[in-house]
Amino acid sequence: ETGVTQTPRHLVMGMTNKKSLKCEQHLGHNAMYWYKQSAKKPLELMFVYNFKEQTENNSVPSRFSPECPNSSHLFLHLHTLQPEDSALYLCASSQEPGWDTEAFFGQGTRLTVV
Amino acid sequence: QKEVEQDPGPLSVPEGAIVSLNCTYSNSAFQYFMWYRQYSRKGPELLMYTYSSGNKEDGRFTAQVDKSSKYISLFIRDSQPSDSATYLCAMRTQAGTALIFGKGTTLSVSS
């Protein structure tokens, strides 16, 4: 596989569930990102990782917990979510944390919280 | 005022038309400007990238940045049905890592 792969593609979870989203990049990039895309809203940056270290947390509620075990993998652990957290969660990667090099997005995980 | 404003559309044009997509912004410190294309059920893909002011052309696509007016545009010539997608403008400052996105404009090109 090449590019940025996200699993699962779709996820339905109850508010008391715990689930995890997975992202894997096969591009040799050093920076990885989580974005949230809600209907009728701009893409919102959630977290930035550079060489496995979190460099940015954009005031994200603690019910979202990221994990970056290595430069190729990124997880987003979810617990006690709210219905308003339903959205498309996009993972992206780039060579360096700045965006003057091309960033590649995965296809996203469509999350529905019921 | 939102940092980046983009008309969500939808915008419907016939095949072969010239399409103009626009964004305005309020932060004069933005230096990097990008256009992403997002097909339905896919992640965004980088289409055009411009640093500071000026024009950039790539095939049927032209990106323009007017920093004095805080206005960026994407022109699509000879539009094709395959251009039907949502187009997102994005920008960031010199030092920033976070891209600030517009809401996206949905374009439909009919054959």
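Residues numbered from 1 in each chain as written. Chains lettered and ligands numbered in written order. Predicted model: local features only at pLDDT ≥ 70, side-chain atom pairs only at ≥ 80, totals over all residues. Heavy atoms only, no water.

## With respect to the overall build of chain A
Stage number 1. Along the backbone of chain A there are zero helices and eleven strands.
Stage number 2. Along the chain direction, N to C, the helices and strands of chain A fall in the order β-β-β-β-β-β-β-β-β-β-β.
Stage number 3. For 114 residues, the compact-globule estimate of 2.2 N^0.38 gives 13 Å, and chain A sits close to it at 13 Å.
Stage number 4. In terms of overall dimensions, chain A has C-alpha extents of about 35 × 30 × 30 Å along its principal axes.
Stage number 5. Looking at chain A as a whole, 48% of its 114 residues qualify as buried.
Stage number 6. A separation of at least 24 residues holds for 53% of the contacts in chain A among residues at least 6 apart in sequence.
Stage number 7. About 5400 Å² of surface is accessible on chain A, with carbon and sulfur atoms providing 49% of the total. (Helix = DSSP H or I, 4+ residues; strand = E, 2+ residues; numbered from the N terminus. Rg over C-alpha atoms; globule rule 2.2 N^0.38 Å. Buried < 20%, exposed > 50% of the residue type's maximum accessible area, 1.4 Å probe, protein only. Contact = heavy atoms within 4.5 Å. Areas by Shrake-Rupley, 256 points an atom, 1.4 Å probe, with all protein chains shown as cover.)

## Quick look at the sheet that holds strand 6 (residues 54–58) of chain B
Residues and elements named next belong to chain B.
Stage number 1. Strand order in the open sheet formed by five strands is 1-3-8-7-6, with antiparallel pairing between adjacent strands. The outermost strands of the open sheet, each flanked by one partner alone, are strand 1 (4–5) and strand 6.
Stage number 2. Taken together, the five bridges between strand 6 and strand 7 (residues 61–66) define a ladder with antiparallel strand orientation. Note that in strand 7 the partner of Gly54 across the bridge is Val65. (Pairing = 2+ DSSP bridges.)

## Overview of the pairing of strand 5 (residues 44–50) of chain A
Residue and element names in this part refer to chain A.
Stage number 1. Along strand 5, six of the seven residues are buried, which leaves the element largely enclosed by surrounding structure.
Stage number 2. Note: strand 4 (residues 31–37) against strand 5, six bridges, orientation antiparallel. Each residue of the ladder has a partner; that of Met32, found in strand 5, is Tyr49.
Stage number 3. From the end of strand 4 to the start of strand 5, which pair antiparallel, there are six residues, and Lys40 there has a positive phi angle of about 65°.
Stage number 4. Bridge count between strand 5 and strand 6 (residues 53–57): four bridges; the pairing is antiparallel.

## Digging into the interface of chain A and chain B
Stage number 1. Contacts between the two partners involve 20 residues from chain A, matched on the other side by 18 residues from chain B.
Stage number 2. Our count for the contact surface shared by chain A and chain B stands at zero salt bridges.
Stage number 3. At the boundary of chain A and chain B, one finds two residue pairs in polar contact (both at pLDDT 80 or more).
Stage number 4. Among the secondary structure elements, those contributing two or more residues to the side of chain A that touches chain B are strand 4, strand 9 (87–94) and strand 10 (103–105) of chain A.
Stage number 5. Class assignment for the residues of the side of chain A that touches chain B results in ten nonpolar, four polar and six charged. (Salt bridge = Lys/Arg side-chain N within 4 Å of Asp/Glu carboxyl O. Polar contact = N/O pair within 3.5 Å; in protein donor to acceptor, adjacent residues only side chain to side chain. Nonpolar A, V, L, I, M, F, W, Y, C, P; charged D, E, K, R; others polar.)

## Thoughts on the side chain of Asn30 of chain A
Stage number 1. By the element assignment, Asn30 of chain A lies in the loop between strand 3 (18–25) and strand 4.
Stage number 2. Within the structure, Asn30 of chain A has its side chain in polar contact with the backbone oxygen of Gln95 of chain A (distance 3.3 Å).

## What about the nonpolar core?
Stage number 1. Counting 24 residues, the largest nonpolar core has Trp35, Ile72, Leu74, Tyr87 and Met91 of chain B as its most contacted members.
Stage number 2. Of all the secondary-structure elements, those providing two or more residues to this core are strand 3 (19–25), strand 4 (30–38), strand 5 (45–51), strand 7, strand 8 (71–76), strand 9 (85–93) and strand 11 (105–110) of chain B.
Stage number 3. Counting 22 residues, the second largest nonpolar core, distinct from the first, contains Cys23, Leu76, Leu81 and Cys91 of chain A. (Core = buried A, V, L, I, M, F, W, Y, C linked by side-chain atoms within 4.5 Å.)

## Here we look at the state of the cysteines
Stage number 1. Summed over all chains, the structure comprises two disulfides over all chains.
Stage number 2. Between Cys23 of chain A and Cys91 of chain A runs a disulfide, and the two sulfur atoms are separated by 1.9 Å. Its torsion about the S-S bond being -75°, the disulfide of Cys23 of chain A and Cys91 of chain A is classed as left-handed. With Cys23 of chain A in strand 3 and Cys91 of chain A in strand 9, the pair connects residues that are 68 residues apart, well separated along the chain.
Stage number 3. Each sulfur of the disulfide joining Cys23 of chain B and Cys89 of chain B lies 2.0 Å from the other. Note on the Cys23 of chain B and Cys89 of chain B pair: the S-S dihedral is about -100°, so by sign convention the disulfide is left-handed. Of this pair, Cys23 of chain B sits in strand 3 while Cys89 of chain B sits in strand 9; the two residues are 66 residues apart in sequence, bridging distant segments of the chain.
Stage number 4. On the accessibility criterion, Cys89 of chain B (0% relative accessible area) is buried. (Disulfide = S-S within 2.5 Å.)

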